[in-house]
Amino acid sequence: MSARAQLLLVLWLAAACASTPEPPPPRPFDFTRDTFAYSNDLYWDYGPNGETPRPRDAPVGFGNRCAPMARATRQFYRAARFDPAAPHLDDAGYRALVRRVLDASDRYERPVKPVTIPGYADLRSFSADHEELLKAETGGRTRSFTQRGNWRLLFPFSPGSQRDLAYRALAELAAGRLPIVHLANFPTISLNHTVVVFAAEETPTEIRFRVYDPNHKLAPRALVYHRATTTFVFDRTEFFPGGAVKAWEVYRGLLF
Amino acid sequence: MACSSRRVLAAALVGLAALPGCFSGHLYEAARRREFVVRYDRAFVADGRLRVDYRVDVRDPSGTSLRRARRSASLALTDLGALPEIPVDEIAVDVSRRVPAPAGEPVALARSAAETRAAPTPLVLLIRQEDDGDAGFALLRREPEERLGGLRSGALVRDREAPWVYPLLPLSAALDVAVTPVHVLGVGFFLVSPE
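Residues numbered from 1 in each chain as written. Chains lettered and ligands numbered in written order. Predicted model: local features only at pLDDT ≥ 70, side-chain atom pairs only at ≥ 80, totals over all residues. Heavy atoms only, no water.

**Student:** Describe the pairing of strand E9 (residues 231-234) of chain A, and please don't skip the residues or the numbers.
**Tutor:** Residues and elements named next belong to chain A. Pairing of strand E8 (residues 221-226) with E9, which is carried by four bridges, proceeds in the antiparallel orientation. Across the sheet, residue Tyr225 finds its bridge partner in E9, namely Phe232. In this antiparallel pair of consecutive strands, E8 and E9, the connection spans four residues, and Thr230 shows a positive phi of 45 degrees. Sheet topology note: the E9/strand E10 (residues 243-250) ladder contains three bridges and is antiparallel. By the bridge assignment for E10, Val233 is matched with Ala244. (Pairing = 2+ DSSP bridges. Helix = DSSP H or I, 4+ residues; strand = E, 2+ residues; numbered from the N terminus.)

**Student:** Describe in detail the interface of chain A and chain B, supporting the description with residues and values.
**Tutor:** At the interface, 39 residues of chain A touch 30 residues of chain B. The three residues of chain A that bury the most area against chain B are Phe145, Leu154 and Pro204 of chain A, which together make up 22% of that side's buried surface. Along the contact surface separating chain A from chain B lie four salt bridges. Where Arg227 of chain A meets Asp89 of chain B, a salt bridge forms, and the shortest distance between an N and an O atom there is 3.2 Å. Inspection of the chain A/chain B interface yields seven residue pairs in polar contact (both at pLDDT 80 or more). When residues of the side of chain A that touches chain B are traced back to their parent elements, those giving at least two are helix H6 (142-145), helix H7 (159-174) and strand E6 (192-202) of chain A. Top element by residues in the side of chain A that touches chain B is H7 of chain A. It accounts for three residues. Residue composition of the side of chain A that touches chain B, by class: 20 nonpolar, 14 polar and five charged. (Contact = heavy atoms within 4.5 Å. Buried area = accessible area lost by both parts, 1.4 Å probe. Salt bridge = Lys/Arg side-chain N within 4 Å of Asp/Glu carboxyl O. Polar contact = N/O pair within 3.5 Å; in protein donor to acceptor, adjacent residues only side chain to side chain. Nonpolar A, V, L, I, M, F, W, Y, C, P; charged D, E, K, R; others polar.)

**Student:** Go over the packing of aromatic side chains with me, naming the residues and quoting the values.
**Tutor:** Aromatic rings considered in pairs are described by the distance between their centres and by the relative angle of their planes. The final tally for this structure, using the stated rule, is 22 aromatic pairs over all chains. The interplanar angle of 40 degrees and the centroid separation of 5.3 Å between the aromatic rings of Phe36 of chain A and Tyr38 of chain A together place this pair among those described as tilted. We classify Phe36 of chain A as buried; its relative accessible area is 0%. Here the aromatic residues Phe36, Tyr38, Phe62, Phe76, Phe82, Tyr94, Tyr120 and Phe126 of chain A are joined through ring pairs into a cluster of three or more. Directly above the aromatic system of Tyr108 of chain A lies the positively charged group of Arg78 of chain A, at a separation of 4.4 Å from the ring centroid. A cation sits over an aromatic face here: Arg59 of chain B above Phe36 of chain B, 4.3 Å from the ring centre. (Phe/Tyr/Trp six-rings, centres within 6.5 Å; stacked < 30°, edge-to-face > 60°. Buried < 20%, exposed > 50% of the residue type's maximum accessible area, 1.4 Å probe, protein only. Lys NZ or Arg CZ within 6 Å of the ring centre and 35° of its normal.)

**Student:** Quick rundown of the packing of helix H2 (residues 66-79) of chain A against helix H3 (residues 91-103) of chain A? Include the residues and the values.
**Tutor:** Residue and element names in this part refer to chain A. Direction vectors running N to C along H2 and H3 enclose 100 degrees, while the axes themselves pass 8 Å from each other. By the criterion of interaxial angle, the relationship of H2 to H3 is roughly perpendicular. In this structure, H2 uses Arg71, Ala72, Gln75, Phe76 and Ala79 to contact H3, whose residues at the interface are Val98, Val101 and Leu102. Its residues assigned to classes, the contact of H2 with H3 comprises six nonpolar, one polar and one charged. (Axes fitted to C-alpha atoms, helices over the stretch in contact; angles between N-to-C directions. Parallel < 35°, antiparallel > 145°, perpendicular 65-115°, else oblique.)

**Student:** Describe the layout of surface pockets, listing the residues and the values that go with them.
**Tutor:** If a probe as big as a water molecule is rolled over the atoms, it shows which places are left empty. Reported here for the largest pocket is a volume of approximately 680 Å³. Contributing to the lining of the largest pocket are 27 residues, with Ala244 and Lys246 of chain A together with Arg34, Pro61 and Ser62 of chain B lying nearest its centre. Only H7, E9 and E10 of chain A together with helix H2 (23-30) and strand E1 (32-46) of chain B provide two or more residues apiece to the lining of the largest pocket. Approximately 440 Å³ is the volume attributed to the second largest pocket. Going through the elements one at a time, E1, strand E6 (123-130) and strand E7 (133-141) of chain B are the ones with two or more residues in the lining of the second largest pocket. Ranked by residue count, the leading element in the lining of the second largest pocket is E7 of chain B, at three residues. A breakdown of the residues in the lining of the second largest pocket according to their chemical character gives six nonpolar, six polar and seven charged. (1 Å grid on protein atoms, 1.4 Å probe; cavity = no way out; pocket = protein on both sides within 12 Å on 5 of 7 lines; lining within 4 Å. Points joined across faces, edges and corners; volume = space filled by probe spheres on them.)

**Student:** Just give me the short version of the side chain of Arg107 of chain A, but keep the residues and values in it.
**Tutor:** All names here are of chain A. The residue Arg107 is located in the loop between H3 and strand E4 (115-118) in this model. Given the relative accessible area of 18%, Arg107 is considered buried. Excluding its chain neighbours within four sequence positions, the residues that come into contact with Arg107 are Arg78, Arg148, Gly253 and Leu254.

**Student:** So what about empty space enclosed by the protein? Which residues, and what values?
**Tutor:** In total, this model carries two cavities of 30 Å³ or more according to the counting rule given. Leu153, Leu154, Phe155, Pro156, Phe157, Ala184, Asn185, Phe186 and Lys246 of chain A together with His26 and Glu29 of chain B together form the lining of the second largest cavity. Looking at the lining of the second largest cavity residue by residue, the classes come out as seven nonpolar, two polar and two charged.

**Student:** Residues and numbers for the sheet that holds E9 of chain A, please.
**Tutor:** All names here are of chain A. Taken in spatial order, the six strands line up as E5-E6-E7-E8-E9-E10 and close into a barrel, and their pairing is antiparallel. Neighbouring strand axes in the sheet, compared pairwise and without regard to direction, differ in orientation by 45 degrees on average. Sheet analysis places E6 next to strand E7 (residues 206-212), joined by six bridges and oriented antiparallel. Bridged to Glu202 within E7 is Ile207. Together, strand E5 (180-184), E6, E7, E8, E9 and E10 form the strand contacts of H7, whose direction differs from that of E10 by roughly 60 degrees.

**Student:** Requested: an account of the environment of Leu153 of chain A, with residues and values cited.
**Tutor:** Mapped onto the elements, Leu153 of chain A comes out in the loop between H6 and H7. Spatially, the C-alpha atom of Leu153 of chain A lies 8.3 Å from that of Asn185 of chain A, the residues being 32 residues apart in sequence.

**Student:** Quick rundown of the pairing of E6 of chain B? Include the residues and the values.
**Tutor:** Residues and elements named next belong to chain B. For strand E5 (residues 105-110) and E6, the ladder comprises three bridges, and the chain directions are parallel. From the neighbouring strand, Ala110 faces E6, where its bridge partner is Leu126. Where E6 meets E7, eight bridges bridge the pair, whose relative direction is antiparallel. Bridging from a neighbouring strand, Val124 pairs with Leu140 of E7. Remark: two residues form the turn of the hairpin made by E6 and E7, two consecutive strands paired antiparallel.

**Student:** With reference to specific residues and values, describe helix H5 (residues 131-138) of chain A.
**Tutor:** All names here are of chain A. Turning to H5, its buried residues are Leu133, Leu134, Lys135, Glu137 and Thr138. Buried residues along H5 sit against H2, H3, helix H4 (123-129) and H6. Just downstream of H5, Gly139 is the residue with a positive phi angle, here 115 degrees.

And the structure:
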């Protein structure tokens, strides 16, 4: 390699290493503002006790999107800056901005540049007015089926891996980041879901994470890490009877 | 004959592919035994540490009780009384499967205020009970009355592997080499429906 080529390589590496860090989010995550005004639909009817799933009678228009919705929620929190005082755009203008937000890297290792969304105060109001646009841009079911961290589902989870996740999630929240967590209990498959962790409360016996569940737009759910048994327990929901789950972080690094 | 053998081999491979992947991991997970405190038996204080002897319920991953066993644990009195309270997974407790002979200043065990008052020793371990066993204790000095600290039984939960798993690991590892790549590409991405 010539001296000039070596110099260029060094300069390129230096530039790559010195990339501008991502600006911190302007405020803490607010469930009533930073989540979508619509929900991911369920493909199954779980009955009153959440334990006897059968296919829904009615057609499902927007289902199996928990992973892309969770990703999009974080992308908007990271990259979108809403300006309610600015004039509204037409659909094409908003579509272009949404694509800039969603097409940015979903890895915190790669900083994103803020994108201003005019005419709205937050994601909740924006998604209420532009539901179809956002549903189309968020991506189809394939995004859930091919999420790059799905492979982890097959492998057992040691107590240490669950403990590491709980403490890493705490650290990420402290740094203003939102971990996205895949929850499953394979091979039972009574739960296979993705949520966004946005707050935590610690006690001597547990860490109570508050999560945004894309299936539930009304209120946060709880994902509780029990310190003694190194176990995550997810809330009872309309699609899960509640109980122990395995958890791993996704949209993180190249493998997850 | 050769055709029949190929069919058997194909059926075996299909059968293996239908099973959950990473046999070694699942085997290891199935062999995990978790110990929960059910009852404290006796306690001593020596060299700035509290020692408690207790019985545990050993359970398999489904929570089924397999057997009872005796354990002994010791921890620093300073950790016991630390404020704010040290979380159960961070407090330093030495747990031994061998219960040593009594040593140090005996600490009476009590399960009520009346038993605490009637205790024959200056130090008392006031045990908090719940439906599934002893949930924790407070270490009390009777005169002058003082709470020296406490421990939740969650700090004594321990995981161990059943020894039968180790001879099986070479076989499961061989299966993993053959089948896991198929599982990763097939089950992980396409067969499990997310909600």
